[in-house]
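So you can see what is in the structure, the chains are spelled out below.
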Amino acid sequence: MSPTRDLLMRFYEAAVAAAHPATCLPPELPPPPPDGRLIVLAAGKAAGASVEAVEAHYLDRLGLPAARLAGVAVTRHGHGRPGRVIEVVEAGHPVPDAAGLAGAEKTLQLADSAGPDDLVLVLVSGGASANWIAPAEGITLAAKQAVTRALLRCGANIGEINTVRKHLSRLKGGRLAARAHPARVVTLSISDVPGDDPSVIGSGPTVPDPSTLADARAIVVRYGLEIPDEIRQALENPANESPKPGDPAFADLDYRIVARPQAAFEQVEAKIRASGLDCLLLGDRLEGEARTVAAQHAAIAKEFAAQGRRAVILSGGELTVTLRGKGRGGPNQEYVLALAAALDGMPGVAAIAADTDGIDGGGGKADDPAGAYVDETTVARARALGLDPAAFLADNDSTGFFERLGDLLRPGPTCTNINDFRAILVER
C-alpha cells in the first residue's frame, strides 16, 4: 500500500471507529427496569456489535440476571456477532430475504409480549429497513424484493425509498412502538442518513411517520416504477397508513441518536489538520448522482491544485446510481471511477470513497468491496491494460474496472454504518 493510500485509509478508519457501537453505545444505555424484563430489539449493520456492547454492559458490568434479558437482533450477512442471551440473525441487504422475514417475525412477537413493567430497548442502524422485513397483509416476500430492486435501480434517494417501505410494512413507520405499547420504549440509533431524520433512519420503526400513502404512490409515479399488483393495491389500502404524531404509542417517546455522520467527520477533520493538511469539509448530507457529484469534486480539486494548496476535500452523504448498464459496483466505486475520468491523471491528486459499513452496493455479500482508490497513475495504468474508463462508467461496471487495477478497497464488514466516506487528497 502506498503512503498516500495508507493515509487516506487511516482517515476512513477514524470515521468508522467514531461510530462503532463499542464506542458510542455504552454511555447512552438506560438503566434496566426495576422489576420487568429488558427486551432488546436490534436491526441494521451495527446490530451484531450492538448486542456485544449491550450484553457486556448489562450482564457483566451491572450484573443483570440473564433471565431478565431477552431479545433478537437482525443484521446483514457477515456482520453478525455471537450473542450469549440475545439471538443474532444474519439476513439479506439491500434486498431482503427469508432470514430477515423470520427475524422480523421474532421481533414482532417479542414486542407483542412486552408488558407495562418491561423496558423495550430498540437499537437501529443503517440497513435496518432491509433487515426488518415484515410485509403488510397481502404482500409476499417476492413482491417486497421486487419493489426493493426497482427502488434501488431508479436513483431514488434514501428518504424516498424508505417512504415506500414504511407503507408496505407491519413494523416500520412507527408500528414497532405501537406493537410494544404500553411498555416503555427507548430507541438508540446510529444515523446513516443525510439530516439524521429519525423517521428515515431504519424507516423510523418507533417514531411518528410524517409521510403518507399518497407520498409513496407519488414516488412510484415519479420514477416510473414497474411494481407487482399486490404492491400497488397495498399502497391504495387505507389500512396501510402509518401512525402519525399524537398516536398514544408515542406518548412517552424516548429517542436518541448516539452517533451522527457529522460528528464522525468532524473527528476526521481534526485528524487531517493534525497531520499538517488543510481540510475542506463539504458536509455529511451530500446527495445526488454519483458521477455528477464526482465531476463537481474534481473541479474543486483542480482549483486547489492551481492554488498550490495541500488539503483534503472531505464529504459524506448518500449518493445514488441510476443503473443503465449491466456491470457491477456501487455508488462509491462509481464516484471514484467518474472522478478518475474527470481528473485524467492529474498529478498530485489521490482519493478514496467507501461505504463505512465495509460494503458498497454489489450483491450484498460480505466480501463485496467497500469502495475504491484512485491516484495520478490510475488512468495511465488502465489504458495500458486496454481499459477505457468512460466505457466502464457507461456500463455501471466500476467493480470490473478497479478489480483489474487492484484498487478496490476491501476492509470487510465494519459492524457499523454512518453513510459514505469520500476523501480527495491534493498534495500540490
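Residues numbered from 1 in each chain as written. Predicted model: local features only at pLDDT ≥ 70, side-chain atom pairs only at ≥ 80, totals over all residues. Heavy atoms only, no water.

*Asks:* So what exactly am I meant to see when it comes to the packing of aromatic side chains here?
*Replies:* Aromatic ring pairs: the centre-centre distance and the angle between the two ring planes describe each pair. Tallied over the entire structure, the rule returns 4 aromatic pairs. Plain terms: the ring middles of F265 and F421 are 5.7 Å apart, the flat faces sit at 5 degrees to each other, and that makes the pair stacked. One end of the pair, F265, is in helix 11 (residues 261-274); the other, F421, is in strand 13 (residues 420-426), and 156 residues separate them in sequence. Residue class for F265 comes out buried when judged on its relative accessible area of 1%. (Phe/Tyr/Trp six-rings, centres within 6.5 Å; stacked < 30°, edge-to-face > 60°. Helix = DSSP H or I, 4+ residues; strand = E, 2+ residues; numbered from the N terminus. Buried < 20%, exposed > 50% of the residue type's maximum accessible area, 1.4 Å probe, protein only.)

*Asks:* What am I meant to see in the pairing of strand 6 (residues 254-259) here?
*Replies:* Across the 6 residues of strand 6, 5 count as buried, placing the element largely inside the fold. Summarising the sheet, strand 5 (residues 184-190) and strand 6 pair through 5 bridges and their orientation is parallel. Its bridge partner being in strand 6, T187 is matched across the sheet by Y255. (Pairing = 2+ DSSP bridges.)

*Asks:* So what exactly am I meant to see when it comes to the pattern of salt bridges here?
*Replies:* Any two side chains of opposite charge can pair if their charged atoms end up close together. Evaluated as defined, the whole model comprises 28 salt bridges. Between R170 and E105 there is a salt bridge; the shortest N-O distance is 2.4 Å. With R170 in the loop between helix 7 (158-166) and helix 8 (175-180) and E105 in helix 4 (residues 98-113), this residue pair connects regions lying 65 residues apart in the sequence. Linking D254 and R256 is a salt bridge whose minimum nitrogen-to-oxygen distance equals 3.2 Å. Its relative accessible area of 24% is what places R256 among the partly exposed residues. By sharing partners, the salt bridges in this structure join E28, R184, D254 and R256 into a single network. (Salt bridge = Lys/Arg side-chain N within 4 Å of Asp/Glu carboxyl O.)

*Asks:* Explanation requested: the side chain of E334 in the structure shown.
*Replies:* One can find E334 in helix 13 (residues 331-343). Relative accessible area serves as the criterion here: at 2%, E334 is assigned to the buried category. In this structure, E334 is in contact with A290, R291, V321, L393, N396 and S398, ignoring residues within four places of it in sequence. (Contact = heavy atoms within 4.5 Å.)

*Asks:* Help me understand the sheet that holds strand 6 in this model?
*Replies:* Sheets are built from strands paired through backbone hydrogen bonds, the pairs being either parallel or antiparallel. The sheet built from 6 strands is open, its strands ordered 3-2-1-4-5-6 with parallel pairing. A strand with exactly one partner marks an edge of an open sheet, and here the two such strands are strand 3 (87-91) and strand 6. Between one strand and the next, the sheet's axes are offset by a mean angle of 15 degrees, whatever the strand orientation. In the packing of helix 4 onto the sheet, the strands contacted are strand 1 (38-43), strand 2 (69-76) and strand 3, and the crossing angle to strand 2 comes to about 155 degrees. (Axes fitted to C-alpha atoms, helices over the stretch in contact; angles between N-to-C directions.)

*Asks:* Would you explain the environment of E13 in this entry?
*Replies:* Mapped onto the fold, E13 is located in helix 1 (residues 3-18). Separated by 403 residues in sequence, E13 and T416 have C-alpha atoms that sit 12 Å apart.

*Asks:* Just to check I follow, could you spell out the pairing of strand 10 (residues 349-355) for this structure?
*Replies:* Remark: a regular strand shows side chains that alternate across the two faces of the sheet. Taking burial as the measure, the 7 residues of strand 10 include 7 buried ones, the bulk of the element. A two-sided burial pattern is seen for strand 10, the buried positions comprising V349, A351, A353 and D355 on one face and A350, I352 and A354 on the other. As defined by bridge partners, strand 10 adjoins strand 13 across 7 bridges and the pair is classed as antiparallel. Bridging from a neighbouring strand, V349 pairs with V426 of strand 13. Here strand 10 pairs with strand 11 (residues 371-374) via 4 bridges, running antiparallel. In the strand pairing of strand 11, A353 is matched with A372.

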